[in-house]
Amino acid sequence: MLRHKGIYTVLVFTTLFSVVLDLTIAWYLSKITDAAVRLDVGAFTGLIGFGVVYLLAVGLNGYVDSYFKNNVSAKIRNGLRLEMMEHTLSLPQSYFDRNHSGDLLSRFTNDNQSVGEACGQVMIDLVRNPVLALAAFAYLLYINWLLALICFAMGPLLFLTGKIFGKAMRVNSVRLQESMSRTTSFLNDILGSSMVFKSFSIERRLLKQYRGHSESIISGEMKRGRIEGATGALSSFLGNATFILALITAGFFVAKGSLEVGAMIAFIQLMNFLVGPFSSLPGLVASMQQSLGAAERIFEVIDAPAEVDTLPKPQAEQPEFMELVLSDVSFSYPESDKWSLSTVGLKLRQGSHVAIVGPSGGGKSTLFKLLLGFYTPDDGEILINGNSTGGMSLGHLRSYFAYVPQESGLYTGSIRDNLRNGKPDASEEEIIQALQQANAYDFVLELPEGLGTDIGEHGSRLSGGQRQRLSIARAMLKNAPILLLDEATAALDNESEKMVQQAIRKLMKNKTTIVIAHRLSTVQNADVILVMENGEIVERGSHDELLAAEGRYHGLYHSQLELEEGDALEDWSAAQELTGGGERELADQR
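Identification of the protein chain as ABC transporter ATP-binding protein from Paenibacillus borealis is taken from an unreviewed UniProt entry. UniProt annotates the protein chain under Subcellular location (unreviewed entry) with the comment "Cell membrane".

### Structural notes on the overall build of the protein chain
Broken down by element type, the protein chain carries 18 helices and 10 strands. Across the 590 residues of the protein chain, 45% fall into the buried class. Within the protein chain, residue pairs in contact and separated by at least 24 positions form 78% of the contacts whose partners lie at least 6 positions apart. Put simply, the protein chain shows about 31,700 Å² of open surface, and 57% of that area lies on carbon and sulfur atoms.

### Digging into the pattern of salt bridges
The full count for this structure, using the stated rule, is 15 salt bridges. Residue aspartate 111 pairs with arginine 297 through a salt bridge whose shortest N-O separation is 2.6 Å. Note that aspartate 111 is positioned in helix α4 (residues 101-143) and arginine 297 in helix α9 (residues 261-302), a separation of 186 residues in sequence. Residue aspartate 111 shares its accessibility class with arginine 297, and that shared class is buried. Its salt-bridge partner being glutamate 428, residue arginine 416 comes within 2.9 Å of it at the nearest N-O pair. Of this pair, arginine 416 sits in helix α12 (residues 415-419) while glutamate 428 sits in helix α13 (residues 428-437), and the two are 12 residues apart along the sequence. A relative accessible area of 23% means that arginine 416 is categorised as partly exposed. With a relative accessible area of 29%, glutamate 428 lands in the partly exposed category. A single network of salt bridges, built from pairs that share partners, joins Asp103, Arg107, Asp111, Arg297 and Glu300.

### Observations regarding the packing of α13 against helix α15 (residues 464-478)
Remark: α13 packs on α15, axes separated minimally by 8 Å, with the N-to-C direction vectors making an angle of 125°. Between α13 and α15, the angle falls in the class oblique. As α13 packs across α15, the resulting crossing turns out to be right-handed. The segment α13 lies against α15, with Glu430, Ile431, Ala434, Leu435 and Gln437 engaging Leu470, Ala473, Met476 and Leu477. Of the residues that constitute the contact of α13 with α15, the class distribution is 7 nonpolar, 1 polar and 1 charged.

### A few points about the packing of aromatic side chains
With the rule as written, the count across this model stands at 11 aromatic pairs. Seen in terms of ring centroids, phenylalanine 13 and phenylalanine 17 are 6.0 Å apart; in terms of plane orientation they differ by 5°. Their pairing is stacked. A residue pair is termed a helical-turn pair when its members lie 3 or 4 positions apart in one helix, as phenylalanine 13 and phenylalanine 17 do in helix α1 (residues 5-37) at 4 residues. Residue classification places phenylalanine 17 among the partly exposed residues on the basis of a relative accessible area of 31%. With a centroid separation of 5.4 Å and an interplanar angle of 35°, the aromatic rings of tyrosine 28 and phenylalanine 50 are classed as tilted. Of this pair, tyrosine 28 sits in helix α1 while phenylalanine 50 sits in helix α2 (residues 43-89), and the two are 22 residues apart along the sequence. A relative accessible area of 13% means that tyrosine 28 is categorised as buried. An aromatic cluster is present here, built from Trp27, Tyr28 and Phe50 joined pairwise through their rings.

### Structural notes on the sheet that holds strand β2 (residues 341-349)
One open sheet holds the 4 strands; their spatial order is β2-β1-β4-β5, and the pairing between them is antiparallel. Edge positions in the open sheet fall to β2 and β5 (387-388), since each of these has one partner strand only. Pairing geometry for strand β1 (residues 323-331) and strand β4 (residues 379-384), over 5 bridges, is antiparallel. Paired with leucine 326 across the strands is isoleucine 382, a residue of β4. Along the sheet, helix α10 (residues 364-371) contacts β1, β2 and β4; its crossing angle with β1, the most-contacted strand, is approximately 120°.

### Let's talk about α4
With 43 residues, α4 extends 60 Å from end C-alpha to end C-alpha; this agrees with the ideal 63 Å at 1.5 Å per step. Within α4, the axis deviates most sharply at alanine 118, by approximately 45°.

### As for the nonpolar core
Counting 44 residues, the largest nonpolar core has Leu435, Leu470 and Tyr553 as its most contacted members. Leave out the neighbours within four places in its chain, and leucine 470 touches Leu410, Ile415, Leu419, Leu435, Ala440, Phe443, Val444 and Leu462. Counting residues in each nonpolar core, the second largest holds 31 residues, with Leu346, Leu367, Ile384 and Leu394 among its members.

### Observations regarding unusual backbone geometry
As a rule of thumb, non-glycine residues mostly have phi less than zero, and peptide bonds are mostly trans rather than cis. The backbone of asparagine 534 shows a phi angle near 55°, a positive value even though the residue is not glycine. Secondary-structure assignment places asparagine 534 in the loop between β9 (528-533) and β10 (536-541). A relative accessible area of 61% means that asparagine 534 is categorised as exposed. A positive phi angle is found at glutamate 550, which is not glycine, with a value near 55°.

### Points about the side chain of asparagine 418
Looking at the element boundaries, asparagine 418 is found in helix α12. The contacts of asparagine 418, once residues within four sequence positions are left out, are Leu410, Tyr411, Gly413, Ile455 and Arg474.

### Topic: the packing of α1 against α2
Orientation of α1 relative to α2, taken along the N-to-C sense of each, is 155°, at an axis distance of 9 Å. On the basis of the axis angle, α1 is roughly antiparallel to α2. Relative to α2, the crossing made by α1 is left-handed. Residues that form the contact of α1 with α2 fall into these classes: 24 nonpolar, 7 polar and 5 charged.

Rules behind the numbers
- Residues numbered from 1 in each chain as written.
- Predicted model: local features only at pLDDT ≥ 70, side-chain atom pairs only at ≥ 80, totals over all residues.
- Heavy atoms only, no water.
- UniProt positions renumbered as here; feature names shortened; annotations may be inferred.
- Helix = DSSP H or I, 4+ residues; strand = E, 2+ residues; numbered from the N terminus.
- Buried < 20%, exposed > 50% of the residue type's maximum accessible area, 1.4 Å probe, protein only.
- Contact = heavy atoms within 4.5 Å.
- Areas by Shrake-Rupley, 256 points an atom, 1.4 Å probe, with all protein chains shown as cover.
- Salt bridge = Lys/Arg side-chain N within 4 Å of Asp/Glu carboxyl O.
- Axes fitted to C-alpha atoms, helices over the stretch in contact; angles between N-to-C directions.
- Parallel < 35°, antiparallel > 145°, perpendicular 65-115°, else oblique.
- Left-handed = near helix turned anticlockwise from the far one by under 90°.
- Nonpolar A, V, L, I, M, F, W, Y, C, P; charged D, E, K, R; others polar.
- Phe/Tyr/Trp six-rings, centres within 6.5 Å; stacked < 30°, edge-to-face > 60°.
- Pairing = 2+ DSSP bridges.
- Expected span 1.5 Å × (residues − 1).
- Bend = angle between axes of the 7 residues up to and from the residue.
- Core = buried A, V, L, I, M, F, W, Y, C linked by side-chain atoms within 4.5 Å.

Pasting the structure below:
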């Protein structure tokens, strides 16, 4: 808020001026009433003129006040969004592994909106209402001190009411925000996987689960309603009781002749300005408590330890690479009681090709995460050109690697924007050249808007093979010396795999390559094949050496070969049955 002192200065002025205008209407009512009681027709000319000026002042002040409240609220929401986004992008991979993206999305949207409203309308009203009440009390003292004291007696009671219910409001608000966050996370998962829930016909099951999340929200909202209802009812009772007592007393003074009728009308109006702010105070406190709960959730993200002080910049030039060494690297994930990697040793020289194979959970992907600096080794060290990666900036470290994940990792937007993630200043010619090398240029040309085509959420408007070829083109634009391929063809059909493999071979040219392989037939030409199990390298050697050793790789290779041959035989048998069935049907017809 302190970043917007100028706007808040204007709002202080408009708020104080609105208080003056509210008190002025009480004075104006007393003057009109006294003129009417005295039958002073001539006084109405001046009163009408004053009324016109008053209306113009109210309208102008209301516009300026409303505009700047919305203005500062929008600016604070925008500032929070940007600060939160900048910090989120600097958070370590471990944070994203622990927290659901839907929960973060809820903090970016629902919580941000709540905080913005608090810094605009709610905060100003929390200041304005007590000021209006005090000003009204001062005017009441001027009219009749006894009536003023009767009215003001309700203030401490209403403050105590807000104090009693305030803590319950805040606790409930935080729980409600968390329920909404879990629901957003659930929706984020479901709405991004429509083909899955339709193909499994689990719509009813998902609806039941969503009903549970929705009931959790409504339970919190109903509890909030009960708290606010109790607070409002008690506030209303105290306010109305005070108003009736003061009104009866004022009427009694008028009947006795010790108070003018005009003063009584002004008193009634001032009573509204005294009772109204106090009565609305609990509701404002409730909104403020909800916003404070939302702020807590936002600052949980902003205060989370970042992996870098400033966001890394892409390296303009390709770094020189000679050698990568893993020296007895061991690592376990936080809160895990077993090693994900155990004394892993590896040495790669420029231009060498290494394949990593083995069962799931063997540590293959974890090794990539350590190379990219997502996590740091618990023991041992990783060295590039003889320098420990622990002493490098993350921007420098990651400039050595071009990463092609199993899932393409594309973002909503155009093909051009996605490819420039590999090289932000890439020219149109460089983009086209990368697409051609990745066997992707032809299908891009066929798209309605070419490079400007919006690919949809995670590239949903493209096939799996097309997405992966764009991912390879992005890596080609980065042109880093070390290429990391994480089962880049595992989820593709044979035809798509052939095209992607051709693109990968072009990408691997003159690169040091580490590839996690799903299909062992694709890694036979690697210089070294590593077999990983339970975080350890259990075998290493060339394809021929490992087959000759008849160890773990030999078993994996032949079991996969038998499986592929079995699948091919089944396909051939099925085709024969279909052919034979057609011939028998033709014979029957004859």
